2 protein chains.
Amino acid sequence: MDKQSIWSIDKWENELSRSGCRITRPRRVILNIIAASSRPLTPMEIFDQARAVTPNIGLVTVYRTVEKLEGLKLIDRVHHLGQCQTVFRGTRGHQHLLVCTECGRSAYFDGLEAEKQFTTIGNSHGYKITGHWLQLSGLCQECQKKETT
Amino acid sequence: MDKQSIWSIDKWENELSRSGCRITRPRRVILNIIAASSRPLTPMEIFDQARAVTPNIGLVTVYRTVEKLEGLKLIDRVHHLGQCQTVFRGTRGHQHLLVCTECGRSAYFDGLEAEKQFTTIGNSHGYKITGHWLQLSGLCQECQKKETT
DNA sequence: GTGCTTGCAAATTCTTTGCAACTTT
DNA sequence: AAAGTTGCAAAGAATTTGCAAGCAC
């Protein structure tokens with residue numbers, strides 16, 4: 001677990017209690033798993049990892065915790081392999097995701113200059129732009145190596 | 001149904017038969033519904049509309065037809081309201097989608113200059129970019145009017 | 001103690017599969 | 001006639017809900 005993860009967990013727990021939620025053991029476990037992951041995870045994957053730590057945790061708790069974290073914008077929903085139930089730790093400020101199509105390893109990159117164009121594009125179609133979704137996909141370093149092997 | 005839709009349907013039927021598929025009545029109905037829609041539709045929505053025309057059509061046929069159309073890239077999967085099973089007629093050339101968060105009305109816009117940056121962004125993280133997903137959301141003209149009402 | 005959480009079991013919802021009858025080419 | 005397609009019913013997944021017992025604050 002890197003510095004960033006630790007940083008996230010503290011922040012997440014603060015956010016959670018600030019919004020009236022309780023910090024329970026199952027939640028702490030789920031938080032840690034998501035924060036430590038280098039790739040987006042499905043509810044089931046989170047559940048499996050969580051069970052290794054707390055065998056009697058319920059899948060339902062995963063769903064409910066994920067829902068809460070998403071509501072607080074602490075995690076993001078990611079498009080990956082036709083799934084959109086996978087989640088990844090949220091962006092800090094204005095960033096977008098870069099996902100490896102092979103292994104799922106993900107990284108954030110900063111917003112583009114281009115985003116300024118979005119309003120203009122919207123206008124030309126009569127839309128008032130309120131948001132955008134941008135995600136790049138490709139092969140991470142590891143998976144590029146495997147390709148050539 | 002506008003010109004664009006008619007144009008799509010002819011093209012779609014050509015593509016379908018060219019890939020060894022048969023043009024059947026249920027398929028024609030589904031094709032027409034998707035081509036004529038100004039917003040992304042879920043399998044169930046397509047089914048409901050189709051039933052109005054062919055009461056004994058099966059939901060299964062919708063799933064199977066959608067799968068086929070998607071495989072031929074004639075329709076695109078769209079992110080809308082947490083769903084990613086909704087589909088919309090495909091892009092022509094290099095375009096991206098603009099979706100109304102209220103009513104779903106959608107339009108395509110041309111690719112951005114900015115896309116040239118994507119490769120560079122990828123490189124700086126060690127990724128080899130193979131694709132990107134960009135979708136804008138906002139309020140369409142109709143829904144902006146309703147807001148002020 | 002109060003009120004949020006948990007895990008279980010059951011209920012829903014969504015999607016896929018097996019198959020015999022039926023169309024398209 | 002051959003090969004792809006259809007709709008039904010059933011199977012399988014994925015997700016949500018009701019609820020009594022259990023914790024966090």
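Residues numbered from 1 in each chain as written. Chains lettered and ligands numbered in written order. Predicted model: local features only at pLDDT ≥ 70, side-chain atom pairs only at ≥ 80, totals over all residues. Heavy atoms only, no water.

Novice: Explain unusual backbone geometry residue by residue, including any values.
Specialist: Glycine aside, residues mostly have negative phi, and peptide bonds are mostly found in the trans state. Positive phi, close to 60°, is recorded for A:Lys73, a residue that is not glycine. Mapped onto the secondary structure, A:Lys73 falls in the loop between α4 (59-71) and β1 (75-80). (Helix = DSSP H or I, 4+ residues; strand = E, 2+ residues; numbered from the N terminus.)

Novice: If you had to explain the nonpolar core to someone new, which residues and values would you point to?
Specialist: A:Leu112, A:Leu134, A:Leu136, B:Leu112, B:Leu134 and B:Leu136 are the most contacted members of the largest nonpolar core, which has 26 residues in total. When contributions to this core are tallied by element, the ones reaching two or more residues are β3 (95-100), α5 (115-124) and β5 (128-139) of chain A together with β3 (95-100), α5 (115-124) and β5 (128-139) of chain B. Residues within four places of A:Leu136 in sequence aside, it is in contact with A:Leu97, A:Leu98, A:Val99, A:Phe109, B:Phe118, B:Ile121, B:Ile129, B:Gly131 and B:His132. (Core = buried A, V, L, I, M, F, W, Y, C linked by side-chain atoms within 4.5 Å. Buried < 20%, exposed > 50% of the residue type's maximum accessible area, 1.4 Å probe, protein only. Contact = heavy atoms within 4.5 Å.)

Novice: Lay out the domain arrangement of chain A with the relevant residues and their values.
Specialist: All names here are of chain A. The domains assigned to chain A are domain 1 (3-89) and domain 2 (96-148). Contacts between the two partners involve eleven residues from domain 1, matched on the other side by eleven residues from domain 2. For the pair domain 1 and domain 2, the two sides together bury roughly 830 Å², of which 56% comes from carbon and sulfur. Linking domain 1 to domain 2 there are zero salt bridges. Taken together, domain 1 and domain 2 are joined by four residue pairs in polar contact (both at pLDDT 80 or more). Only β1 and β2 (83-89) provide two or more residues apiece to the side of domain 1 that touches domain 2. (Domains from an automatic or database assignment. Buried area = accessible area lost by both parts, 1.4 Å probe. Salt bridge = Lys/Arg side-chain N within 4 Å of Asp/Glu carboxyl O. Polar contact = N/O pair within 3.5 Å; in protein donor to acceptor, adjacent residues only side chain to side chain.)

Novice: Give a detailed account of the protein's contact with DNA strand D, specifying residues and quantitative values.
Specialist: Not every one of the 20 residues close to DNA strand D is listed here, only the nearest: A:Tyr63, A:Gln85, B:Arg22, B:Arg27 and B:Thr61. For DNA strand D, the fraction of atoms within 4 Å of the protein that belong to sugar or phosphate moieties is 66%. At 3.2 Å from a base nitrogen of DNA strand D is found a side-chain nitrogen or oxygen belonging to A:Arg22. Between a phosphate oxygen of DNA strand D and a side-chain N or O atom of A:Tyr63, the distance comes to 2.4 Å. The element contributing the most residues to the surface near DNA strand D is helix α4 (residues 59-71) of chain B, with four residues. The residue makeup of the surface near DNA strand D, split by class, is seven nonpolar, seven polar and six charged. (Near = heavy atom within 4 Å. Nonpolar A, V, L, I, M, F, W, Y, C, P; charged D, E, K, R; others polar.)

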